[in-house]
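This is what each chain is made of:
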Amino acid sequence: MARGRLRIYLGAAPGVGKTYAMLTEGQRLRSLGADVVVGFVEPHGRRPTAAMADGLETIPRRTLAHRGAAFTEMDSDAVLARRPQVALVDELAHSNIPGARNTKRWQDVEDLLDAGIDVVTTLNVQHLESLNDVVRQITGVRQHETLPDEVARRADQIELVDLPPEVLRRRMVHGDIYPPDRIESALTHYFRVGNLTALRELALLWLADRVEEGLQRYRAEHGISAPWETRERILVALSGGPEGETLIRRAARMSARTPGTELLALHVVPEDGLVGLDPAALDTQRTLLESLGGSYHQTTGEDVVAALLQFAEAENVTQIVLGASRHGRLVSFLRAGVGERTIKGSGPVDVHIVTHEEAAGIAVPRLPHPSRGMGPRRHWSALAGAVVLLPVLTLLLTALRGHLGFSSALVIYLLAVVVVALTGGLYPALFAAFAAALLADYYVAAPVHSLTMERPDEITAFMVFIATAVLVGTAAGAAAQRTHEAVRATSEARALSRLASAMMRGQDLPALMEQIREYFGLAAVSLLERDPEATPAPRWYVVASAGERPPERPYEADVESPVDDDLTLAARGTGLSTEDQRVLATCAAELGLAHVQGRIAGRSGGNKALADAERTRASLLLAAGRDLRAPLHIAEEALLRLRRGRAGEPAPEEAQLLDAARVAVHRAAQLVTDLGDLSRLHAGALDLYLRPVDLNEVLGAALDDLGPGGHSIVLRLPEQLPDVIADAALLTRALTALGADALRHSPPDRPPVFTAEVRGDRMEIRVVDGMLERGRESSTAVSRAPGTRVDSLALRLSRDLAEAMDGALEATTEEAEAAFSVTLTLPSAAPGGGATSGCAG
């Protein structure tokens, strides 16, 4: 089955019209005859958006319970069973409630795409994982719902939904985005003009990069090598020498003259190791480049110029900056310099030669190929040298035959054998030795033009000559191999050190991946993580990637280096040698460590931010409580005096209003007290004294604390009720809060009921009310959904107080009886129970 197509409407901030645009596209597709359904749409109370969904088939949402509250999520199973052509799914970065099919909505979308269903969705730029820290610095708000960039990168189509900041703020003022009570706060915080402008620029730049990726992919697929000057890209060739800083600053000035220009620097790694390189100078130049907004790259290649031009072609570079060569005229005459060769091969790319005080060579370190110590190339080069050098020496010795003996000729030939041995090792040296001995015997030794040896000293000289050639060839080959191994070991250590240094500097995973890709000359590389809960078929996610078309599954890679059971490094490109794969495995282990450290840092940062926010909230609540407590107390006393100080009995209506005002003020004062106690409890500053407490006395004190006004509460308690282990003051506060909450939500004809029952060594105190907002309509009731009761301040305070006393609190909704019950469980002083009796208070 063909995979579905993904279309994303991207916005810089809430309210720009992403959902409206998505629904408009759905209506357009439906008018063309497509089978379109609404999988999930959240209009946030915006009437034009909700109206745009009219006429579209909507898949009913799935209701999930979490922490006693009911939530709705997209029913992806129902959408899969319905199998439409197109599904409209809002808020791609949303985190699902535990119990849903997947933990993230984008994973639900992936399931729909795998089933061949096209998906149209929405996304805000602040939810992209790579921009999370930048958005937090701009707005001061950390987005906890994030989306891996790779998910958005794989979209078949991304469309920007854009509004100027001024227009967006006008929409906010008119109430088209948020409800009235949130408008002022949003305009002065998140929706400031500067924030919106920065977010808009982030969205435009991110989308521009995606367009650039599509352009590069098109050029690669169609074999287009000539640069397209859609954007100026200036490439600086760095050798690691001290002239690099001059080149970087010169290129940065050139880049600054044209807005939107991209600055890159390339460090080419040839096969001759660390010769003439200062690592500290290269690190300094890299730091300077990044401070000027440029990006550092590194590649490998036997020919520096070829590697430089190949990189320029791949990156669509329009200008190259090179340093002037300081080679003399003789060297330049014998061999063309890097600058001259680059100019000849650059084609339409402009090449700038910058003068400086130092040399401008581009020879820098790389990982040498393991077969190039004494490999075939050097063997054939040595053999070719022997084929040319030995005949030349033979002609020379033939001319001097009357002045030199056989031994002298062998010594001269030995010099040529040593040169061949140093170049190609043992086997070319043996070939040169035997060839030289035969040539000396045939052309120099008497009788001339004969391979016979008559004199013993000539035979001895011949044997010594062969032995010397073998020893010299063996020693030269071993020395060259050890030199190569030392250079490679140094290069490997430097590669791992550079990667570790980048991790210590806090570079993100994509930058580390790009560094590894360039160092090993790979086409693309991905760090893949397996979902441990996906069974039976494994599901892999791209944690970070670099290069064109990075592998998304391990089997798509040419080279795989597992980190652990759930993490692997997958690379695509030319096959690596065994030694390179060993180094790549070490780099993969370091990447896995960086990934784990990033997760730990993110969690600790989030925990610290939550702790700071909690401390700030607690201090604000305590300060507000101190400021409000006295005015509320004065207001309550004033209403009481006004009620008692009137001459004669006040009119019934006036008396009712005064009593209602007193009740409201009393409840407000109690609310302030509850908030203060809750803050002190969370801060650990609330005194706790546990002892056996008589529940009847505590209930009586709680009824007294409910304040003025008529109350009707039913108490059903056992006659022989043991004491409960608790803090009397805290238990009174908890029961008072539960009683007040129950009274507010109970109709007059269904008063709240308090019951108590001993179960083993625990006592259960249960409060049941009639849930007025569901049982009947009333002008004095507060109309709220039952799920909001679970998170009310009264229940939160009572739950925290109960847990502080080694107890627990559980709230449940009895649908059949339209009742809401709260069960408070505390340790009992002694097990017991008895018959229940009823009384009213």
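Residues numbered from 1 in each chain as written. Predicted model: local features only at pLDDT ≥ 70, side-chain atom pairs only at ≥ 80, totals over all residues. Heavy atoms only, no water.

### Things to note about the overall build of the protein
Note the threshold: Numbering of helices and strands runs from the N terminus, with a helix taken as a DSSP run of H or I at least four residues long and a strand as a DSSP run of E at least two residues long. For accessible areas, the Shrake-Rupley method is used with a probe of radius 1.4 Å. Any residue's cover is judged against the shown protein chains and nothing else.
Check the secondary structure of the protein and you find 26 helices and 25 strands. By element, 56% of the accessible surface of the protein is carried by carbon and sulfur atoms, the whole surface being about 42000 Å².

### Brief notes about a nonpolar patch on the surface
Counted only if it meets this: Patch definition: residues with relative accessible area over 30% and no salt bridge; like charges joined within 9 Å; nonpolar side chains (Val, Leu, Ile, Met, Phe, Trp, Tyr) joined within 5 Å. Here, a salt bridge means any Lys or Arg side-chain nitrogen found within 4 Å of an Asp or Glu carboxyl oxygen.
On the surface, Val387, Val388, Val392 and Phe431 cluster together to form a nonpolar patch covering roughly 380 Å² of accessible area. With three residues, helix H15 (residues 376–399) is the largest single contributor of residues to the nonpolar patch. In this fold, Val392 is placed in helix H15.

### Notes on the packing of aromatic side chains
Rules: We call Phe, Tyr and Trp rings a pair once their centres come within 6.5 Å, taking the six-membered ring for Trp, and we label the pair stacked below 30 degrees between planes, edge-to-face above 60, and tilted otherwise. Categorising residues by exposure relies on relative accessible area from a 1.4 Å probe, with only protein chains included: less than 20% of the type maximum marks a residue as buried, more than 50% marks it as exposed, and the intermediate range marks it as partly exposed. Each ring is checked for a lysine NZ or an arginine CZ that lies within 6 Å of its centre and within 35 degrees of its normal; such an atom marks a charge sitting over the ring.
With the rule as written, the count across this model stands at one aromatic pair. Measuring from ring centre to ring centre gives 5.3 Å for Trp106 and Tyr541, while their planes differ by 85°; the resulting arrangement is edge-to-face. Taken together, the residues Trp106 in helix H4 (residues 105–114) and Tyr541 in strand S15 (residues 540–547) connect sequence positions 435 residues apart. Like Tyr541, Trp106 is buried. Between Arg105 and the ring centre of Phe40, over which it is positioned, the NZ or CZ distance is 3.8 Å.

### Let's talk about the sheet that holds strand S7 (residues 118–124)
The line we're drawing: Note on pairing: DSSP must find at least two bridges between two strands before they are called paired. In what follows, a contact means two residues having at least one pair of non-hydrogen atoms within 4.5 Å. Only the stretch in contact is used when a helix axis is fitted, and all axes are lines through C-alpha atoms; the angle between N-to-C directions ranges over 0 to 180 degrees.
The sheet built from six strands is open, its strands ordered S3-S2-S6-S7-S1-S8 with parallel pairing. Edge strands, defined here as strands with exactly one partner in the open sheet, are strand S3 (57–58) and strand S8 (157–161). Relative to S8, strand S1 (residues 6–11) is paired through five bridges, and the arrangement is parallel. Across the sheet, residue Tyr9 finds its bridge partner in S8, namely Glu159. With respect to the sheet, H4 is in contact with S1, strand S2 (36–40), strand S6 (86–89) and S7, its orientation differing from that of S6 by roughly 175°.

### Side note on the packing of helix H12 (residues 304–314) against helix H14 (residues 338–345)
Stated formally: Should an angle fall under 35 degrees it is called roughly parallel, over 145 degrees roughly antiparallel, and 65 to 115 degrees roughly perpendicular, with every other angle called oblique. A clockwise turn of the near helix away from the far one marks a right-handed crossing, whereas an anticlockwise turn of less than a right angle marks a left-handed crossing. In this count, Pro and Cys sit with the nonpolar residues alongside Ala, Val, Leu, Ile, Met, Phe, Trp and Tyr, while Asp, Glu, Lys and Arg are called charged and the others, Gly among them, polar.
Contact geometry of H12 with H14 gives a least axis separation of 10 Å together with a crossing angle of 40°. What the angle tells us is that H12 and H14 run oblique. Both H12 and H14 take part in a crossing whose hand is right-handed. Between H12 and H14, the contacting residues are Val305, Leu308 and Leu309 on the first element and Val338, Arg341, Thr342 and Gly345 on the second. Of the residues that constitute the contact of H12 with H14, the class distribution is four nonpolar, two polar and one charged.

### Regarding the sheet that holds strand S16 (residues 559–562)
Picture the strands of a sheet paired through backbone hydrogen bonds; they go either parallel or antiparallel. What the four strands build is an open sheet, ordered S15-S14-S17-S16; its pairing is antiparallel. One side of each edge strand has no neighbouring strand; the edge strands of this open sheet are S15 and S16. Averaged over all neighbouring strand pairs, the angle between strand axes comes to 20°, with direction disregarded. Relative to S15, helix H19 (residues 509–520) is tilted by about 55°, and along the sheet it contacts strand S14 (524–530), S15 and strand S17 (567–572).

### Focus on the environment of Glu91
Here Glu91 is to be found in the loop between S6 and H4. As a C-alpha pair, Glu91 and Thr19 span 72 residues in sequence and 8.5 Å in three-dimensional space.

### Quick notes on unusual backbone geometry
Backbone geometry places Glu91, a non-glycine residue, at a positive phi of 55°. A positive phi angle, close to 65°, is found at Asp806, a residue other than glycine. Considering the arrangement of structural elements, one finds Asp806 in the loop between helix H26 (793–804) and strand S23 (808–814).

### Some points on the environment of Thr736
Turning to its location among the elements, Thr736 is positioned in helix H23 (residues 728–744). For Thr736, a relative accessible area of 3% gives the class buried. Note: C-alpha distance between Thr736 and Val698 (38 residues apart in sequence) is 9.5 Å. The contact partners of Thr736, leaving out residues within four places of it in the chain, are Ala702, Asp705 and Leu706.

### Brief notes about the pairing of strand S10 (residues 262–269)
When you tally the buried positions in S10, you get seven out of eight residues, the bulk of the element. Note that strand S9 (residues 233–238) and S10 share six bridges and pair parallel. Residue Ile234 lies in a different strand from S10, and its bridge partner there is Leu263.

### Some remarks on the pairing of strand S24 (residues 819–827)
Burial of S24 is extensive: nine of the nine residues sit out of reach of the surface. Along S24, one buried face is formed by Ala819, Ser821, Thr823, Thr825 and Pro827 and the opposite face, lined by Phe820, Val822, Leu824 and Leu826, is buried too. Here strand S22 (residues 762–769) pairs with S24 via eight bridges, running antiparallel. When the bridges of S24 are listed, Val767 appears paired with Val822.

### Quick notes on helix H17 (residues 426–443)
Just so we agree on the cut-off: Expected span of a helix: the number of residues minus one, times 1.5 Å.
Under the 1.5 Å per step criterion, the end-to-end length of H17 is 25 Å for 18 residues, consistent within 8% with the ideal 26 Å. Pro428, Ala429, Ala432, Ala433, Ala435, Ala436, Ala437, Ala440 and Asp441 are the residues of H17 that are buried.

### Some remarks on the pattern of salt bridges
Any two side chains of opposite charge can pair, given that their charged atoms come close. Following the criterion strictly, the structure yields 21 salt bridges and no others. A salt bridge links Glu57 to Arg82; the nearest nitrogen and oxygen atoms lie 2.8 Å apart. Of the two residues, Glu57 is situated in strand S3 and Arg82 in helix H3 (residues 76–82); the sequence distance between them amounts to 25 residues. Looking at Glu57, the relative accessible area reads 36%, which means it is partly exposed. Judged by its relative accessible area of 28%, Arg82 is partly exposed. In this structure, the salt-bridge partner of Glu245 is Arg249, at a minimum N-O distance of 3.5 Å. Note that Glu245 and Arg249 are positioned in helix H10 (residues 244–256) at a spacing of four residues, about one turn of the helix.

### Regarding the nonpolar core
For soluble globular proteins, the rule of thumb is that nonpolar side chains tend to be buried together. Test applied: By convention a nonpolar core is built from buried Ala, Val, Leu, Ile, Met, Phe, Trp, Tyr and Cys residues, the set being connected through side-chain atoms within 4.5 Å.
Counting residues in each nonpolar core, the largest one holds 62 residues, and the members touching the most others are Leu88 and Leu147. Tallying contributions element by element places helix H9 (residues 193–221) first for this core, with five residues. With residues up to four places along the chain from it excluded, the contact list for Leu147 reads Leu92, Ala93, Trp106, Leu123, His127, Leu128, Glu129 and Ala152. Counting 37 residues, the second-largest nonpolar core is a separate cluster that includes Leu706, Val724, Leu731 and Phe820.

### As for the confidence of the model for the protein
What counts, and what does not: Confidence of the predictor in every single residue is expressed as pLDDT, which spans 0 to 100.
Residues with a pLDDT of 70 or more make up 73% of the protein, whose mean pLDDT is 76. In this model, residues 272–276 is a region of pLDDT below 50 whose contacts with residues beyond four sequence positions or in other chains number eight contacts. The low-confidence segment residues 772–787 (pLDDT under 50) makes 23 contacts with residues lying over four places distant or belonging to another chain.

### Structural notes on the side chain of Ser545
Stated precisely, the cut-off is as follows: In the analysis that follows, any N or O atom pair within 3.5 Å is treated as a polar contact, provided that within protein one partner can donate a hydrogen and the other can accept it, and provided that, for residues neighboring in sequence, both atoms belong to side chains.
Secondary-structure assignment places Ser545 in strand S15. Owing to a relative accessible area of 19%, Ser545 belongs among the buried residues under this scheme. At 3.3 Å, the side chain of Ser545 forms a polar contact with the side chain of Glu150. In this view, Ser545 contacts Glu150, Pro510, Met513, Val525, Ser526 and Pro550; residues no more than four positions away in its chain are not counted.

### Focus: the environment of Ala726
Inspection of the secondary structure assignment puts Ala726 in strand S20 (residues 724–726). Its relative accessible area of 0% is what places Ala726 among the buried residues. In this structure, the C-alpha to C-alpha distance between Ala726 and Asp806, residues 80 residues apart in sequence, is 8.4 Å. Ignoring anything within four residues of it in the chain, the contact list for Ala726 reads Tyr689, Leu690, Arg691, Val693, Leu731, Met805 and Leu826.

### Details of the packing of helix H22 (residues 695–705) against H23
Each pair of packed helices gets described by two things: the angle between the helix axes and the distance between those axes. Taken N-terminus to C-terminus, the directions of H22 and H23 make an angle of 55°; their axes are 8 Å apart at the nearest point. When the axes of H22 and H23 are compared, the pair comes out oblique. Seen along the crossing, H22 lies across H23 with a hand that is right-handed. In this structure, H22 uses Leu695, Val698, Leu699, Ala701, Ala702 and Asp705 to contact H23, whose residues at the interface are Leu731, Thr732, Leu735 and Thr736.

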